[in-house]
Amino acid sequence: MSKVESQTSLVIVVGPTAVGKTEISIQLAERLDGEIVSADSRLFYRGMDIGTAKPTPEQRSRIHHHLIDVADPRETWSLSLFQRAASEAIADIHARGRTPFLVGGTGQYIHAVTRGWTPPAAAPDMSLRADLESRAKYEGYQRLYEELQQFDPASAKRIDPRNVRRTIRALEVIRLTGRKFSDQRGQAEGPYRLLTIGLTRPRPELYARVDARIESMFAAGLREEVQGLLNSGISLDLPAMTSIGYRECVGVLQGRLTVEEAKMQMRRATRVFVRRQANWFKLDDPSIHWFEVGRVQIEEIESLIRSFLNL
RNA sequence: GCCGAGAUAGCUCAGCUGGUAGAGCACGCGACUGAAAAUUGCGGUGUCCCCAGUUCGAUCCUGGGUCUCGGCA
């Protein structure tokens, strides 16, 4: 068996939020006997459906989706957990003779899978983080950063001094493992044979879709969904509750924001999000096959995938 | 109609009795290896409402206009 034949073929579908990934990827999976592995840091969580624009039950009945609704919102899922679960799901789909599609908007997670990242194995230590956070607050972020410079200059060079989050993570790994953070983050040969489909739309069109989607989220009961989470006693500083739409609705429910203000903040935050997502997948990346949604026929993408899969 | 206040970046506004401008947000670009829809770095934005005058020089001073917002009729 040649190396190529022994490698699992993986189709990636990327693109900004609201571009139309969900529907297009389902159609492609239907035509190509595929299953979808979600690469989205918010779709893990059960009970967060409206604000995350999760694929609907109807959509999910058409195609098997993996890594959706796999966690309680009170849990914290992470890059490493995702990476492991995604590899398993892909292997499982492949073993059953079907085609895995990795679809989602969380660029970091997709790179971790496709580029064979090996993140440092030290699991998050919340009390250590809280400790370091309070030091950053009372002694200043400079102190933490100086500490990082001292113990791991290579990491310090790659992290902005004021980026307390990343500084803390690096210090955490050093503290927990006794080794430098920079020595532990690796990148292996990616384990898959890849075809990356990028979906795009002109920014103004995308922004208009975002605005419309925000309206329909409220119409569909976003506030009630958030109220339900609050009723369950969820803590507001969990990652799940930092999601766009959720934090703003909390503001409304606590009387800090009007609905109009919340919508405006959501529009802004989502547009910023769109731009930041674009940092992970560039239009001039030669390894990505870009298609403008609305101007491309699904058959065109399908036939590209077919030839990749040798069908 | 009268009396006040104002007109500066896409928006909200700052601008020391004159030397052609600035902050937040927005917008654009970048970083990211167990919080990533998180966190964070960098960068443009302009007939300083119009016309005249004073001045070597007006966003700033003077006069006139236009418009906006208050208050009183």
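Computed from a predicted structure; not experimentally measured.

This next bit is on helix α11 (residues 222–231). For α11, every residue scored as buried is listed here: Leu-222, Glu-225, Val-226 and Leu-229. Burial along α11 is one-sided: seen end-on, the buried residues are contained in an arc of 95°. Looking at α11, the residues exposed on the side facing more than 90 degrees away from the buried face are Glu-224 and Asn-231. Among the residues trailing α11, Gly-233 stands out with phi positive, at a value near 80°.

Looking now at the pairing of strand β1 (residues 8–14). Judged by how many residues are buried, β1 sits mostly within the fold: 7 of 7 residues are covered. Burial along β1 is two-sided: the residues Thr-8, Leu-10, Ile-12 and Val-14 and Ser-9, Val-11 and Val-13 are all buried. Of the pairings in the sheet, the one linking β1 to strand β7 (residues 192–200) comprises 7 bridges and is parallel in character. Paired with Val-11 across the bridge in β7 is Leu-195. Sheet topology note: the β1/strand β4 (residues 99–103) ladder contains 3 bridges and is parallel. By the bridge assignment for β4, Val-11 is matched with Phe-101.

Here we come to the nonpolar core. Counting 42 residues, the largest nonpolar core has Val-37, Phe-82, Leu-102, Val-113 and Leu-222 as its most contacted members. Only β1, α4 (79–95), α5 (107–114), α10 (203–219), α11 and α12 (246–253) provide two or more residues apiece to this core. Those residues in contact with Leu-222, other than ones at most four positions away along the chain, are Ile-50, Gly-51, Met-217, Gly-245, Tyr-246, Cys-249 and Met-266.

Close to RNA strand B lie 51 residues, the nearest being Ser-41, Asn-163, Arg-165, Arg-275 and Arg-276. Taken together, the sugar and phosphate atoms account for 59% of what RNA strand B places within 4 Å of the protein. A distance of 3.0 Å is found between a sugar or linking oxygen of RNA strand B and a side-chain nitrogen or oxygen belonging to Asp-160. Contact between RNA strand B and Asn-279: a base nitrogen at 3.1 Å from a side-chain N or O atom of the residue. Secondary-structure elements contributing two or more residues to the surface near RNA strand B are α4, α5, β5 (117–118), α6 (126–139), α9 (164–177), β6 (186–187), α10 and α13 (259–278). Per-class residue counts for the surface near RNA strand B are 18 nonpolar, 14 polar and 19 charged.

Another point: the confidence of the model for chain A. Model confidence for chain A is summarised by a mean pLDDT of 95, while 98% of its residues fall at 70 or above. Quick note on the complex model: pTM equals 0.91, ipTM equals 0.92.

A few words on helix α2 (residues 21–31). Of all the positions in α2, only Lys-21, Ile-24, Ser-25, Ile-26, Leu-28 and Ala-29 are classed as buried. Count one or two residues on from α2 and you reach Asp-33, which has phi positive near 55°.

This paragraph deals with the sheet that holds β7. Reading across from one edge, β3-β2-β4-β1-β7-β8 is the order of the 6 strands in this open sheet, with parallel pairing throughout. The sheet is open, and its two edges are formed by β3 (65–66) and β8 (288–292), each paired on a single side. Each of β1, β4 and β7 touches α5; the most contacted strand, β1, lies at about 165° to it. Contacts between helix α14 (residues 298–309) and the sheet are confined to β1, β4, β7 and β8, with β7 contributing the most and set at about 170° to the helix.

Our next topic: the side chain of Lys-54. Its place among the elements puts Lys-54 in the loop between β2 (34–38) and α3 (57–62). With a relative accessible area of 7%, Lys-54 lands in the buried category. For Lys-54, the side chain forms a polar contact with the side chain of Asp-49, separated by 3.0 Å.

Scanning the model with the defined rule gives 26 salt bridges in all. For Arg-60, the salt bridge goes to Asp-69, with nearest N and O atoms at 2.7 Å. Note on Arg-60: relative accessible area 27%, which makes it partly exposed. Notably, a salt bridge pairs Glu-292 with Arg-295, separated by 3.8 Å at the nearest N-O pair. With a relative accessible area of 27%, Glu-292 lands in the partly exposed category. With relative accessibility at 66%, the residue Arg-295 sits in the exposed group. Several salt bridges share partner residues, and in doing so they unite Arg-135, Glu-139, Arg-143, Glu-146, Glu-147 and Arg-175 into one network.

Conventions adopted
- Residues numbered from 1 in each chain as written.
- Chains lettered and ligands numbered in written order.
- Predicted model: local features only at pLDDT ≥ 70, side-chain atom pairs only at ≥ 80, totals over all residues.
- Heavy atoms only, no water.
- Buried < 20%, exposed > 50% of the residue type's maximum accessible area, 1.4 Å probe, protein only.
- Helix = DSSP H or I, 4+ residues; strand = E, 2+ residues; numbered from the N terminus.
- Arc of directions from axis to C-beta.
- Pairing = 2+ DSSP bridges.
- Core = buried A, V, L, I, M, F, W, Y, C linked by side-chain atoms within 4.5 Å.
- Contact = heavy atoms within 4.5 Å.
- Near = heavy atom within 4 Å.
- Polar contact = N/O pair within 3.5 Å; in protein donor to acceptor, adjacent residues only side chain to side chain.
- Nonpolar A, V, L, I, M, F, W, Y, C, P; charged D, E, K, R; others polar.
- pLDDT = per-residue confidence, 0-100.
- Axes fitted to C-alpha atoms, helices over the stretch in contact; angles between N-to-C directions.
- Salt bridge = Lys/Arg side-chain N within 4 Å of Asp/Glu carboxyl O.

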